[in-house]
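Notes for the structure review
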Amino acid sequence: MSTFAELLLNGISMGSVYALIALGFVVIFRATEVVNFAHASLLLAGGYVTASLHDDIGFWPALLAGIAGAALVGAAVEFLVMRRSRGNDHSVLAIVTIGVDILLTTELTRRLGTDVLALGDPWGDAVLTLGPISLAHTRIAAFVAAALLITAFLLAFRYTTWGVAMRAAAENSETAALMGVRLGRVSLGAWAVAGGLAAVAALFLTVFPTPGLERATSLTALKAFPAAILGGLDSTTGALVGGLVVGVTESLATGYQSDLTFMGRGLGDLAPYLVMVAILLVRPAGLFGTKELARV
């Protein structure tokens, strides 16, 4: 029972980090109706800035610089690439983000090489022990940080003019534009917010017990994609629930791997995608996604 509780707590912690990444997918999709496949490279960019600067300026300033850097990269992609392609089919724009991801990831992995970079976090390898349950301080910090950021985003999404503009654009972009909503600003803000969230997620994906930031970190970030899909790409609530589902599923499947050897190795990496497929077979729009109705 203690093993299950420990795996569950670790899964919830990692799930909250996946929820941050999934929220980035949802924000951009709601603002532009484009699936952003370059999200993993934004995460890698934010982590790289933090890792490069923490020795010189300290951890917290470096983290702020990483968040700002990833936000600027996201805004630059929107302004220099996506805005120039506006008017094209959404599937074409999604393919454009794949090209952007290849370019950014190639440059960042070239800079990283074979190195594994530490981000200089203050928690180190400290572990909190509560009876038979052990939980790394980094996992606790990840859950608290994700909860605060997600709450702040939801409040801003509901009560600020930017949030109202984004909701209007998501409901009907043409009507929103006629009512004075500047769709360009909404899109730019969405990409910047997604980049900032990705940079925070990069921190908690690369601290203890993982060795640090490396070339494969961007692949780890893609585990949040099933979270966004199974929750519903147009639902902020779905991103949160999807992230928790993926985190808990991955943690339990990895923890009980030895009891599930008949299903092969690497079940923890595969389990989130199996859950995604199973949910989409029942609810094609995701758990909280909006169903599209067409009259023929």
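Here we summarise the structure given alongside this text. (Residues numbered from 1 in each chain as written. Predicted model: local features only at pLDDT ≥ 70, side-chain atom pairs only at ≥ 80, totals over all residues. Heavy atoms only, no water.)

1. Section: the overall build of the chain
Across its full length, the chain carries twelve helices and two strands. In the chain, the succession of α and β elements from N to C terminus is α-α-α-α-β-β-α-α-α-α-α-α-α-α. Expected size for 296 residues packed as a compact globule is a radius of gyration near 19 Å; at 19 Å, the chain falls within 12% of this value. Along the longest, intermediate and shortest principal axes, the C-alpha atoms of the chain span 60 × 50 × 35 Å. By the burial criterion, 46% of the 296 residues in the chain qualify as buried. In the chain, of all internal contacts separated by at least 6 residues, the share reaching a separation of at least 24 is 76%. Here the chain has roughly 14600 Å² of accessible surface; of this, 65% comes from carbon and sulfur atoms. (Helix = DSSP H or I, 4+ residues; strand = E, 2+ residues; numbered from the N terminus. Rg over C-alpha atoms; globule rule 2.2 N^0.38 Å. Buried < 20%, exposed > 50% of the residue type's maximum accessible area, 1.4 Å probe, protein only. Contact = heavy atoms within 4.5 Å. Areas by Shrake-Rupley, 256 points an atom, 1.4 Å probe, with all protein chains shown as cover.)

2. Overview of the pairing of strand S2 (residues 133-136)
Bridge analysis of strand S1 (residues 127-130) against S2 gives four bridges, and the strand direction is antiparallel. Looking at the pairing, leucine 128 lines up with leucine 135 of S2. (Pairing = 2+ DSSP bridges.)

3. Points about helix H6 (residues 161-171)
Listing the buried residues of H6 in full gives Gly163, Ala165, Met166 and Ala169. Axial view of H6: buried residues confined to an arc of 160 degrees, hence all on one face. Of the exposed residues in H6, those oriented more than 90 degrees away from the buried face are Thr161 and Glu171. On its buried face, H6 is in contact with helix H1 (2-32), helix H5 (137-159), helix H7 (173-178) and helix H8 (183-206). (Arc of directions from axis to C-beta.)

4. Description of the side chain of threonine 97
The topology assignment puts threonine 97 in helix H4 (residues 90-112). With relative accessibility at 0%, the residue threonine 97 sits in the buried group. In this structure the side chain of threonine 97 is engaged in a polar contact, spanning 3.1 Å, whose partner is the backbone nitrogen of phenylalanine 37. Setting aside chain neighbours within four positions, we find threonine 97 in contact with Val34, Val35, Asn36, Phe37, Ala38, Met82 and Trp191. (Polar contact = N/O pair within 3.5 Å; in protein donor to acceptor, adjacent residues only side chain to side chain.)

5. Some words on the packing of aromatic side chains
For any pair of aromatic rings, geometry is given as the distance between the ring centres together with the angle between the planes. What the rule picks out here adds up to eight aromatic pairs. On the basis of an interplanar angle of 35 degrees and a centroid distance of 5.7 Å, the ring pair of tryptophan 123 and phenylalanine 204 is categorised as tilted. Of this pair, tryptophan 123 sits in the loop between H4 and S1 while phenylalanine 204 sits in helix H8, placing them 81 residues apart in sequence. Given a relative accessible area of 21%, tryptophan 123 falls into the partly exposed group. You can call phenylalanine 204 buried: its relative accessible area is 5%. These aromatic residues form a ring-pair network of at least three members: Phe59, Trp60, Trp123 and Phe204. The side chain of arginine 84 reaches across the aromatic face of phenylalanine 79, ending 5.0 Å from its centre. Its guanidinium or amino end placed over the ring of phenylalanine 157, arginine 167 lies 6.0 Å from that ring's centre, counting from NZ or CZ. (Phe/Tyr/Trp six-rings, centres within 6.5 Å; stacked < 30°, edge-to-face > 60°. Lys NZ or Arg CZ within 6 Å of the ring centre and 35° of its normal.)

6. Some details on the pattern of salt bridges
Scanning the model with the defined rule gives four salt bridges in all. One salt bridge in this structure joins arginine 111 and glutamate 107, with 2.9 Å as the shortest N-O distance. One end of the pair, arginine 111, and the other, glutamate 107, are both in helix H4, four residues apart, so they sit about a helical turn from each other. Assessed through its relative accessible area of 30%, glutamate 107 is described here as partly exposed. In the salt-bridge network here, residues are joined through shared partners; they are Glu107, Arg110 and Arg111. (Salt bridge = Lys/Arg side-chain N within 4 Å of Asp/Glu carboxyl O.)

7. Considering the nonpolar core
Ranked by internal contacts, the top residues of the largest apolar core, which has 69 residues, are Ile21, Leu43, Phe204 and Leu205. Sorting elements by how many residues they give to this core places H1 first, with 13 residues. Leaving out residues up to four positions away in the same chain, leucine 43 has contacts with Ile21, Ala198, Ala201, Ala202, Leu205, Thr217 and Ala221. (Core = buried A, V, L, I, M, F, W, Y, C linked by side-chain atoms within 4.5 Å.)

8. Things to note about a nonpolar patch on the surface
Taken together, Leu128, Leu130, Ile140, Phe143, Val144 and Leu148 make up a surface patch of nonpolar side chains, about 530 Å² in accessible area. Mapped by element, the contributors of at least two residues to the nonpolar patch are S1 and H5. Ranked by residues supplied to the nonpolar patch, first place goes to H5 with four residues. Its location among the elements puts leucine 128 in strand S1. (Patch = residues over 30% accessible without salt bridge, like charges linked within 9 Å, V, L, I, M, F, W, Y side chains within 5 Å.)

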